[in-house]
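Breakdown of the fold
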Amino acid sequence: MRLIEVRGLGKTFCLHLLGGKRLRALHEVSFDVERGEFLGVAGRSGSGKSTLIKCIYRTYKPSRGSMLLRTPDGAVDLASLGDLEIIMLRRDFMGYVSQFLRPLPRVTALDMVAEPLRERGIDDYRARVEAEEYLERAGLAKSLWHSYPTLFSGGEQQKVNIARGLISRPRLLLLDEPTAGLDYASRERIVAMLEEAKEMETTIIGVFHDREMFLRLADRVILLEEGELRGSASGGEIASMEGLRRGVGEEHELRAACE
Amino acid sequence: MNSVLAVEKLTKVFGNGCPDCLGGVGDGQEGNGQEGNTCPRCGSVVACAGVGFEILRGEILGLVGESGSGKSTVLRCIYLDLQPDAGCIRFGGPPGIVVRAGEVVDMEVRRELRWRRMGMVYQDPKAGLRLDVTAGGNIAERLLAADFRHVGAMRKRASGLLSRTEIPLNRLDDLPRYFSGGMQQRVQIAKALANNPELLLLDELTTGLDVSVQAQILDLIKSIQRSTGVSMLLVSHDLRVIRMLAHRTLVMKNGRLVEAGLTDQILEDPQHPYTQLLVNCMA
Ligand SMILES: Nc1ncnc2c1ncn2[C@@H]1O[C@H](COP(=O)(O)OP(=O)(O)OP(=O)(O)O)[C@@H](O)[C@H]1O
Ligand SMILES: [Mg+2]
Ligand SMILES: [Zn+2]
């Protein structure tokens, strides 16, 4: 069963401060995502990966095309859906984890993670208990749970970010390099959490910068180049995918070739 | 969906006005009228023109724009401090209670709206507080208006509100005149919350406070929203405040609404030239 059908998606930024300069970030992008599928999005820096994720979450306003989403309540076009409906979808259906946490002043790690549950009307006590569980699983030291993420290291912030993104168990999860900058052990914890989300039939669209993540997690990978869709591979073909080798895995491959 | 407030085509002109007022004042788009909000022909000020939006139950709606763009005017029309020249305001419903420009608002309806359904925190504490009436007295005034009659119950509610807004209880009988700016804002908030309103109108609530006090007040607002589910219309020219609190955001310029959207979209993908400028100035 298909969950999302993206058709002819385009995004052009118009920079009025630079005399109306136009920047084409996405052009005629079309693909489908099956329910429960883990779709990887690959491409070089500046190829439009984050723009794609942000268009789906509607942090960016798509300029062209449609993004049909089939929810239990019927099909909607994410590209043209009203702001209020998007707010409800974000609360009940879709989650987003970016590369960086946006810590709020005077809000503790525990409260940041409990927030999405509270927004759903879950009572404070239960929200906190679940938040503790998710922080534990993300591997944030207990001593930090009641302090402010504004003071945390990048890696510690990212653990809060992941816990916050996963706690509401969204049916559609959007990831934008959630493991960038994490050490090996931290990354393994996140991978385990994502694998578990996958087992619960969560549909995931994820941008990563290292090839290994695609190989371990993705059912299918699409490749973006200069805002256009340039390729797609699934299962065993992912390993030999053109752009993956050339782009993201570059350094790794080079080193292997030299040895 | 559950609507708390719907504003339609709200227009307010200060001055005598002339047929050219609305056409003469533009929204800052190239070739669309002149800059500024003063009518080139008669000199009247177009404080807001054709403004429309809706607030849902439990929602925090941000309203941003530079000084003089008309934000406070919109708020004061909603709170019935000002009479709009055109447009209408619907509270609750539909059908709800509808207030139309040019129609006299019945005293009973006015009371219901101002003293029960809404709470207002003014930009200037002097406008929202009686500085020479004790903090407790300021709150009691509102409780009385909502038919609280029992003195003991009133005092109890007042002290509950003060502790909710983190004002030391021993200040209950002191005069707000001698309070710090942050403390005055807290008393205003306590007063505005006194009758469990369904809509809070907040005008530049942290302007002029130092940064750590600002953070505390914002924190307070967030926790109030969480525990009471009250809807809020939050006016600010500070995008950081909007980012922290608002689900959706409206952008005003020269009395017009130039953009409306999800707060993260307004901040990360602003469409209107003016919004781009505003966001750019913050970064
Ligand atoms: N009572 C009044 N008489 C005449 N002009 C007024 C009156 N109240 C407001 N204005 C004018 O209407 C315009 C909009 O003012 P308003 O107070 O709504 O702006 P604002 O967006 O709240 O600004 P700020 O950010 O400075 O608080 C301004 O040009 C102002 O001078
Ligand atoms: Mg103002
Ligand atoms: Zn005029």
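See the structure above.
Not measured: the values here are computed from a predicted model.

A closer look at the coordination of the magnesium ion (ligand 2)
- Bound to the magnesium ion (ligand 2) are the protein donor atoms Ser72 of chain B (OG) and Gln123 of chain B (OE1), situated 2.0 to 2.6 Å from the metal. Of the two residues, Ser72 of chain B sits in helix H2 (residues 71-78) while Gln123 of chain B sits in the loop between strand S6 (118-121) and helix H4 (125-128), which places them 51 residues apart along the sequence.

With respect to the interface of chain B and chain A
- Between chain B and chain A, the residue contacts involve 24 residues of the former and 27 residues of the latter.
- Approximately 2,400 Å² of surface area, both sides summed, lies buried where chain B meets chain A, with 55% of it carried by carbon and sulfur atoms.
- Contact with chain A buries area across many residues of chain B, yet Arg226, Leu262 and Glu268 of chain B alone supply 23% of it, more than any other trio.
- At the junction of chain B with chain A, the criterion picks out five salt bridges.
- With a closest N to O distance of 2.8 Å, Glu268 of chain B and Lys54 of chain A form a salt bridge.
- Viewed at the interface, chain A and chain B are joined by nine residue pairs in polar contact (both at pLDDT 80 or more).

With respect to the layout of surface pockets
- Its volume calculated, the second largest pocket comes out at about 510 Å³.
- Contributions of two or more residues to the lining of the second largest pocket are made by strand S1 (2-15) of chain A together with helix H10 (263-268) and helix H11 (273-282) of chain B.
- In terms of residue count, the dominant contributor to the lining of the second largest pocket is S1 of chain A (five residues).
- Partitioning the lining of the second largest pocket into residue classes produces 12 nonpolar, six polar and seven charged.

Observations regarding the sheet that holds strand S2 (residues 21-34) of chain A
Residue and element names in this part refer to chain A.
- A sheet is described by the order of its strands in space; here four strands give the open sequence S2-S1-S4-S5, paired in antiparallel fashion. Two strands in the sheet have a free side with no partner beyond their single neighbour: S2 and strand S5 (74-77). In this sheet, adjacent strand axes meet at a mean angle of 20° when their direction is disregarded.
- Alignment of S1 against S2, held across 10 bridges, turns out to be antiparallel. When the sheet's bridge partners are listed, Lys11 is paired in S2 with Leu26.

Brief notes about the sheet that holds strand S9 (residues 248-253) of chain B
Residue and element names in this part refer to chain B.
- Strand order in the open sheet made by the six strands is S6-S7-S8-S3-S9-S10, with mixed pairing throughout. Across the chains shown, the open sheet's two edge strands, defined by having one partner strand only, are S6 and strand S10 (256-262). Between one strand axis and the next, the sheet turns through 15° on average, direction left out of account.
- When strand S3 (residues 60-64) meets strand S8 (residues 231-235), the two strands line up parallel, connected through four bridges.

A closer look at the coordination of the zinc ion (ligand 3)
All names here are of chain B.
- Around the zinc ion (ligand 3), the protein contributes the donor atoms Cys18 (SG), Cys21 (SG), Cys39 (SG) and Cys42 (SG), which lie 2.3 to 2.4 Å from the metal centre.
- Bound by four donor atoms, the zinc ion (ligand 3) shows angles of 99 to 118° at the metal and therefore tetrahedral coordination geometry.
- Here the donor residues of the zinc ion (ligand 3) share one chain and are spaced in sequence as C-x2-C-x17-C-x2-C.

Description of the packing of aromatic side chains
Residue and element names in this part refer to chain A.
- Applying the stated criterion across every chain, the model contains five aromatic pairs over all chains.
- An aromatic cluster of three or more residues is present, and its members are Phe38, Phe208 and Phe214.
- Lying over the aromatic face of Phe13, Lys11 brings its terminal NZ or CZ to 4.8 Å of the ring centre.
- Positioned over the ring face of Tyr57 is Arg90, at 4.1 Å from the centre of the ring.

Side note on helix H6 (residues 151-164) of chain B
All names here are of chain B.
- The terminal C-alpha atoms of H6, which comprises 14 residues, lie 20 Å apart, in line with the 20 Å expected from a rise of 1.5 Å per residue.
- For H6, the full list of buried residues reads Met154, Ala158, Ser159, Leu161 and Leu162. Buried residues of H6, viewed axially, fall in a sector of 155°; they line one side.
- Close packing links the buried residues of H6 with helix H5 (135-145) and helix H7 (181-193).

A word on a nonpolar patch on the surface
- A cluster of nonpolar side chains, Leu17 and Leu18 of chain A together with Leu277 of chain B, forms an exposed patch at the surface whose accessible area comes to about 280 Å².
- With respect to the helices and strands, Leu277 of chain B occurs in helix H11.

Quick word on the packing of helix H3 (residues 109-119) of chain A against helix H4 (residues 124-138) of chain A
Residues and elements named next belong to chain A.
- It is the contact of H3 with H4, at a shortest axis distance of 8 Å, that shows an interaxial angle of 120°. It follows from the interaxial angle that H3 and H4 lie oblique. The chirality of how H3 crosses H4 is right-handed. Of the residues in H4, those touching H3 at Ala109, Leu110, Asp111, Val113, Ala114, Leu117 and Arg118 are Asp124, Ala127, Arg128, Glu130, Ala131, Glu132, Tyr134 and Leu135.
- Partitioned by chemical class, the residues of the contact of H3 with H4 number nine nonpolar, no polar and six charged.

Thoughts on the site of ligand 1
Residue and element names in this part refer to chain B.
- Neighbouring ligand 1 are 14 residues, the closest being Ser67, Gly68, Lys71, Ser72 and Thr73.
- At a separation of 2.6 Å, an oxygen atom of ligand 1 approaches a polar side-chain atom of Thr73.
- Gln123 is positioned such that a nitrogen or oxygen atom in its side chain is 3.2 Å from an oxygen atom of ligand 1.
- Listed by contribution, the elements that provide at least two residues to the shell around ligand 1 are strand S2 (45-56) and H2.
- Of the residues forming the shell around ligand 1, the biggest block, three residues, is contributed by H2.

Reading guide: rules and limits
Residues numbered from 1 in each chain as written. Chains lettered and ligands numbered in written order. Predicted model: local features only at pLDDT ≥ 70, side-chain atom pairs only at ≥ 80, totals over all residues. Heavy atoms only, no water. Donors = N, O, S within 2.8 Å, 3.2 Å for Na, K, Ca; no water. Helix = DSSP H or I, 4+ residues; strand = E, 2+ residues; numbered from the N terminus. Contact = heavy atoms within 4.5 Å. Buried area = accessible area lost by both parts, 1.4 Å probe. Salt bridge = Lys/Arg side-chain N within 4 Å of Asp/Glu carboxyl O. Polar contact = N/O pair within 3.5 Å; in protein donor to acceptor, adjacent residues only side chain to side chain. 1 Å grid on protein atoms, 1.4 Å probe; cavity = no way out; pocket = protein on both sides within 12 Å on 5 of 7 lines; lining within 4 Å. Points joined across faces, edges and corners; volume = space filled by probe spheres on them. Nonpolar A, V, L, I, M, F, W, Y, C, P; charged D, E, K, R; others polar. Pairing = 2+ DSSP bridges. Axes fitted to C-alpha atoms, helices over the stretch in contact; angles between N-to-C directions. Tetrahedral: all angles 85-135°; square planar, octahedral: opposite > 155°, others 65-115°. Phe/Tyr/Trp six-rings, centres within 6.5 Å; stacked < 30°, edge-to-face > 60°. Lys NZ or Arg CZ within 6 Å of the ring centre and 35° of its normal. Expected span 1.5 Å × (residues − 1). Buried < 20%, exposed > 50% of the residue type's maximum accessible area, 1.4 Å probe, protein only. Arc of directions from axis to C-beta. Patch = residues over 30% accessible without salt bridge, like charges linked within 9 Å, V, L, I, M, F, W, Y side chains within 5 Å. Areas by Shrake-Rupley, 256 points an atom, 1.4 Å probe, with all protein chains shown as cover. Parallel < 35°, antiparallel > 145°, perpendicular 65-115°, else oblique. Left-handed = near helix turned anticlockwise from the far one by under 90°. Near = heavy atom within 4 Å.

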